[in-house]
Amino acid sequence: VVEVKEEDIENFLKHFLLQEIKKRSLDCSPDTISFLHGKILNIVLTPGDCEKKEIVIQQIITDFEAESNQIRKRIGNDLKSETLTYLEINSNEQIISIKSLGEETHNRGKIPYSITFSSGKSIVYKPRSVLPEKLICDPREGVLRHENFGTYRVIDLKDEEGHYGYCEFLEHSVKENTIH
């Protein structure tokens, strides 16, 4: 029996993941790669059938690829239709980065992403309906606008693949997020 160190498994997995990303021509931020790496490492380190683990790992990568393509398609369509101008994103802007936002999941395990554009402006993409957020927080339609609470812009959308939405990227600070 050969003992394998967890560090060796992590290094092998990083190499494997980078090769899969390159093979599939995916554009991933280091944070997104780290997120995927962590998800897959948990599967690898869990006792169980190796063949089943391989199937699950391939499915994670395939699902990520499909989600990545869906995000780019949606943003492209929304830029062309000028839907994102409400969030101060012009139709001629280019995507500079797509970064996963933690491990919070929405809508069947999909995660939200921070999208940064060529203007330097960032917004948040959420793979689910954001209608509740819009009805509470949006400065045009949200109930908080009447209560002197801070608001942020929200766009709720639906296409042939389901609900999704965007909102302004909020900087976190004690002053901005404290009720006095």
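The preceding data block contains the structure.
Since we're looking at a predicted model, the values are computed, not measured.

Participant: Before we go on, may I ask you to explain the overall build of the chain in this structure?
Facilitator: Each helix and strand counted, the chain has four helices and five strands in total. Mapped in sequence order, the helices and strands of the chain form the string α-α-α-β-β-β-α-β-β. For the chain, buried positions account for 37% of its 180 residues. When the accessible surface of the chain is summed, it comes to about 11,400 Å², and 52% of that surface belongs to carbon and sulfur atoms.

Participant: Looking at this model, I keep getting lost on a nonpolar patch on the surface. Mind explaining?
Facilitator: Taken together, L131, L135, I136 and V143 make up a surface patch of nonpolar side chains, about 320 Å² in accessible area. Note that L135 resides in helix 4 (residues 131–137). Since its relative accessible area comes to 41%, L135 is described here as partly exposed.

Participant: Explain the pattern of salt bridges to me, please; I cannot follow it from the model alone.
Facilitator: Any two side chains of opposite charge can pair, so long as their charged atoms come close to each other. In total, this model carries 12 salt bridges according to the counting rule given. Notably, a salt bridge pairs K134 with E141, separated by 3.5 Å at the nearest N-O pair. Taken together, the shared-partner salt bridges connect E20, K23, R24 and E65 into one network.

Participant: Before we go on, may I ask you to explain the sheet that holds strand 4 (residues 154–159) in this structure?
Facilitator: Strand order in the open sheet formed by five strands is 1-2-3-5-4, with antiparallel pairing between adjacent strands. Where the open sheet ends on each side, the last strands, each with one partner, are strand 1 (95–100) and strand 4. Sheet twist, expressed as the mean angle between neighbouring strand axes with direction ignored, is 25°. Sheet topology note: the strand 4/strand 5 (residues 162–168) ladder contains six bridges and is antiparallel. Each bridged residue has a counterpart across the sheet, and for D156 the counterpart in strand 5 is G165. Against the sheet, helix 2 (residues 30–45) touches strand 1 and strand 2 (113–117), its axis set at about 30° to strand 1.

Participant: I keep staring at helix 2 and nothing clicks. Help me out?
Facilitator: One full turn of an α-helix is made of 3.6 residues, so residues set three or four places apart face in the same direction. Here helix 2 spans 22 Å end to end across 16 residues, near enough to the 22 Å set by a 1.5 Å rise per residue. For helix 2, the full list of buried residues reads T32, F35, L36, H37, I40, L41 and I43. Buried-residue contacts for helix 2 involve helix 1 (6–23), helix 3 (50–80), strand 1 and strand 2.

Participant: I would appreciate a short explanation of the packing of helix 2 against helix 3 in the present structure.
Facilitator: Two packed helices can be described by the angle between their axes and the distance between those axes. Where helix 2 meets helix 3, the axes come as close as 10 Å, and the angle between the chain directions of the two elements is 160°. As far as their axial angle goes, helix 3 and helix 2 are roughly antiparallel. Handedness of the crossing formed by helix 2 with helix 3: right-handed. Touching T32, L36, I40, I43 and V44 of helix 2 are K53, V56, I57, I60, I61 and F64, all from helix 3.

Participant: How should I be thinking about the side chain of K53 in this particular structure?
Facilitator: If you trace the backbone, K53 turns up in helix 3. Buried charge without a partner: K53 forms no salt bridge, and the closest opposite charge is D49, 8.4 Å away. Discounting chain neighbours no more than four positions away, the residues touching K53 are I43, V44, T46, P47 and G48.

Participant: How should the nonpolar core be read in this particular structure?
Facilitator: Buried together is how nonpolar side chains tend to be arranged in soluble globular proteins. In this structure, L84, I115 and Y166 are the most contacted members of the largest nonpolar core, which totals 32 residues. Looking at this core, the elements that each hand over two or more residues are helix 1, helix 2, helix 3, strand 2, strand 3 (122–126), strand 4 and strand 5. For I115, the residues in contact, after removing those within four places along its chain, are I71, I75, I95, S97, I98, K121, S122, I123 and Y125.

Scoring rules and cut-offs
- Residues numbered from 1 in each chain as written.
- Predicted model: local features only at pLDDT ≥ 70, side-chain atom pairs only at ≥ 80, totals over all residues.
- Heavy atoms only, no water.
- Helix = DSSP H or I, 4+ residues; strand = E, 2+ residues; numbered from the N terminus.
- Buried < 20%, exposed > 50% of the residue type's maximum accessible area, 1.4 Å probe, protein only.
- Areas by Shrake-Rupley, 256 points an atom, 1.4 Å probe, with all protein chains shown as cover.
- Patch = residues over 30% accessible without salt bridge, like charges linked within 9 Å, V, L, I, M, F, W, Y side chains within 5 Å.
- Salt bridge = Lys/Arg side-chain N within 4 Å of Asp/Glu carboxyl O.
- Pairing = 2+ DSSP bridges.
- Axes fitted to C-alpha atoms, helices over the stretch in contact; angles between N-to-C directions.
- Contact = heavy atoms within 4.5 Å.
- Expected span 1.5 Å × (residues − 1).
- Parallel < 35°, antiparallel > 145°, perpendicular 65-115°, else oblique.
- Left-handed = near helix turned anticlockwise from the far one by under 90°.
- Lys, Arg positive; Asp, Glu negative; His and termini not counted.
- Core = buried A, V, L, I, M, F, W, Y, C linked by side-chain atoms within 4.5 Å.

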